[in-house]
Amino acid sequence: MCSSDLSGGYGDGPELLRAMITARLENAVFAMLTDPETVEQGYAAGEGAILDAALGGKVDPSLGEPVRVTGRVVRLWDGEFVCDGPMWKGTRQSLGRSLVFRVGGIDVIVTTNRQQVTDLQNFLACGIDPRERSVIALKSAHHFRAAFEPLSREVLVVDSGALASQAGHEHEEEDPSIQVTVWSEHHELFIEYPVPVVGEAIVFVTHVTDHQTTKPRTEGELIFRFTSSGGELLEH
């Protein structure tokens, strides 16, 4: 998530990929690494070519040096697809010239343009079915959940130390909080609030995203409904 473009990242942070390679993961996929230089190398070499590559870490190597590997160009792809949704459903996306690069048991989707991964077509359009993979690593902070959480046995949010990392921003005296993400066909709701304490008022920080536009909703009524331990319905 720390290299996701919608979180302010460059899209080329390589540290999670480096850890996956070190762990020798099998039947895994990593999406996406923004690296136009490697894409051009792959197009020049052609599908099936064995390539020595320095993956990612080119915009600011202080956030993670390129991962130097030898792999195979599995597929060249134009980067064009239409989203299945729910996020951006029906909209056409363009990642620019892209490729699938296989390093050991990991297929890495390498692109020219940056984009957060929110849709199954990020994989399906280049010939990868994420439902058949043991591990799916993707760059997204929250918006991936509607499409990918239903497929997952477990979701792990990783701070890989890139530009959007939370490391170094902790507050020692900060109270613990609860974060919840839920979605419907049209909207995604993210809520953060402190652990409730009897007799104390709490504030719910709430963000509603429109799946079609990916923009926050700034108008409309938001109603909170709570059920007490005694079954009483409370509405605010």
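Look a little higher up for the structure.
Residues numbered from 1 in each chain as written. Predicted model: local features only at pLDDT ≥ 70, side-chain atom pairs only at ≥ 80, totals over all residues. Heavy atoms only, no water.

1. Some remarks on the sheet that holds strand β2 (residues 50–55)
Working step 1: Ordered by their spatial adjacency, 6 strands build an open sheet running β2-β3-β6-β7-β1-β8, and the pairing between neighbours is mixed. What marks the edges here is a single partner per strand, and that holds for β2 and β8 (135–138). Ignoring strand direction, the axes of neighbouring strands in this sheet form an average angle of 35°.
Working step 2: Pairing geometry for strand β6 (residues 98–103) and strand β7 (residues 106–111), over 5 bridges, is antiparallel. (Pairing = 2+ DSSP bridges. Helix = DSSP H or I, 4+ residues; strand = E, 2+ residues; numbered from the N terminus. Axes fitted to C-alpha atoms, helices over the stretch in contact; angles between N-to-C directions.)

2. Observations regarding the side chain of D12
Working step 1: Topologically, D12 is positioned in the segment before α1 (15–22).
Working step 2: In this structure D12 is buried but unpaired, with K139 as the nearest side chain of opposite charge at 6.2 Å.
Working step 3: Among the polar contacts listed, one links the side chain of D12 to the backbone nitrogen of V59, at a separation of 3.0 Å. (Buried < 20%, exposed > 50% of the residue type's maximum accessible area, 1.4 Å probe, protein only. Lys, Arg positive; Asp, Glu negative; His and termini not counted. Salt bridge = Lys/Arg side-chain N within 4 Å of Asp/Glu carboxyl O. Polar contact = N/O pair within 3.5 Å; in protein donor to acceptor, adjacent residues only side chain to side chain.)

3. Focus on the environment of E26
Working step 1: Along the polypeptide, E26 turns up in the loop between α1 and β1 (28–34).
Working step 2: Look at E26 and you get exposed, because its relative accessible area is 56%.
Working step 3: The spatial distance from the C-alpha of E26 to the C-alpha of V135 is 8.1 Å, given a sequence separation of 109 residues.
Working step 4: Excluding residues within four positions of it along the chain, E26 makes contact with G105 and S134. (Contact = heavy atoms within 4.5 Å.)

Remember, this is a structural readout, not a statement about activity or role.
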